[in-house]
Amino acid sequence: MLTKKQLLLKVHLADGFGPISELRLAAWLVTSHNWALSALEIAQIACLPERYWLTFQTSFDSLALQQKCATHERYVQYLTILEADYPQRLLETHCPPTVLFYRGDLSVLKQPCVAVVGARQATEYTKQALQHLLGLPQTTTIISGLAQGADAMAHEVALQKGLRPIGVIGTGLNCYYPPQNEHLQQAVAEKGLLISEYGLDVTAKKHHFPARKVM
């Protein structure tokens, strides 16, 4: 039987299931002692609209999803909303993701954090301002989105100053957006923490980027 953690991963990776339904399922799992459920039972517990039942059931019972879950279990570290290490600040948002994929050190989530969000077309002035603003204690964590411009600059300055950055990305952990940030993304994962709510091979889409700002 799947563990609660594995069940949330499988549902998260399945087609036809949205974040609100995932949260309903996670809330039910908190007190459940029997979660050996069929796709239909999961859909009913999560109040999934009936128009999505067939899509979800077909995906949930497929060999392709079984293989995708096995790949994530083998190659990716992940955290669910049911675990103590889940970011507490994220729990206070309107719709926190039930599953977070990550590379790096989760302990940096417990350090004091400064978030940096800025223009994609950032100038040299932005970098100079960040050099001044990020003169922070070594125990401070810089959170940004690893996007082009100010986000990338914030991570670069943080790494130069020996701070441990957190990058929240809008793709799978094995994808890079923009592509020129590949080495920076790897450095963030090695020196700090890289987080995504998207599974492996998920590429950048417009609606991913507003969603990650709540992190």
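The sections below set out a description of the structure shown in this document. (Residues numbered from 1 in each chain as written. Predicted model: local features only at pLDDT ≥ 70, side-chain atom pairs only at ≥ 80, totals over all residues. Heavy atoms only, no water.)

## Some details on the packing of aromatic side chains
Link 1 in the chain: Scanning the entire structure with this criterion turns up 3 aromatic pairs.
Link 2 in the chain: Ring centres 4.6 Å apart and planes at 45 degrees place the aromatic pair Phe 17 and Phe 56 in the tilted group. Here the residue Phe 17 occupies a position in the loop between α1 (4–13) and α2 (19–31), and Phe 56 occupies one in helix α4 (residues 53–60), the gap between them amounting to 39 residues. The pair Phe 17 / Phe 56 is uniform in exposure class, with both members buried.
Link 3 in the chain: Here the aromatic rings of Tyr 78 and Phe 101 are separated by 6.4 Å at their centres, their planes lie at 50 degrees, and the arrangement is tilted. In this pair, Tyr 78 is assigned in strand β1 (residues 77–80) and Phe 101 in strand β2 (residues 99–104), connecting sequence segments 23 residues apart.
Link 4 in the chain: Assessed through its relative accessible area of 1%, Phe 101 is described here as buried.
Link 5 in the chain: Lying over the aromatic face of Tyr 78, Lys 5 brings its terminal NZ or CZ to 4.6 Å of the ring centre.
Link 6 in the chain: It is Lys 10 that lies over the ring of Phe 60; its NZ or CZ is 4.1 Å from the centre. (Phe/Tyr/Trp six-rings, centres within 6.5 Å; stacked < 30°, edge-to-face > 60°. Helix = DSSP H or I, 4+ residues; strand = E, 2+ residues; numbered from the N terminus. Buried < 20%, exposed > 50% of the residue type's maximum accessible area, 1.4 Å probe, protein only. Lys NZ or Arg CZ within 6 Å of the ring centre and 35° of its normal.)

## Looking at the nonpolar core
Link 1 in the chain: Judged by nonpolar contacts, the single largest core of 48 residues is most densely connected at Val 11, Ile 42, Phe 56, Phe 60, Phe 101, Ile 166 and Leu 193.
Link 2 in the chain: Here this core gets 5 residues from one element, more than from any other, and that element is α1. (Core = buried A, V, L, I, M, F, W, Y, C linked by side-chain atoms within 4.5 Å.)

## A closer look at the packing of α1 against helix α5 (residues 63–75)
Link 1 in the chain: Put simply, α1 and α5 touch, their axes get as near as 10 Å, and they point 125 degrees apart. Relative to α5, the element α1 is oriented oblique. With respect to the hand of their crossing, α1 and α5 are arranged in right-handed fashion. Across the interface between the two elements, Gln 6, Leu 9, Lys 10 and Leu 13 from α1 touch Leu 65, Lys 68, Cys 69, His 72 and Glu 73 from α5.
Link 2 in the chain: Per-class residue counts for the contact of α1 with α5 are 4 nonpolar, 2 polar and 3 charged. (Axes fitted to C-alpha atoms, helices over the stretch in contact; angles between N-to-C directions. Parallel < 35°, antiparallel > 145°, perpendicular 65-115°, else oblique. Left-handed = near helix turned anticlockwise from the far one by under 90°. Contact = heavy atoms within 4.5 Å. Nonpolar A, V, L, I, M, F, W, Y, C, P; charged D, E, K, R; others polar.)

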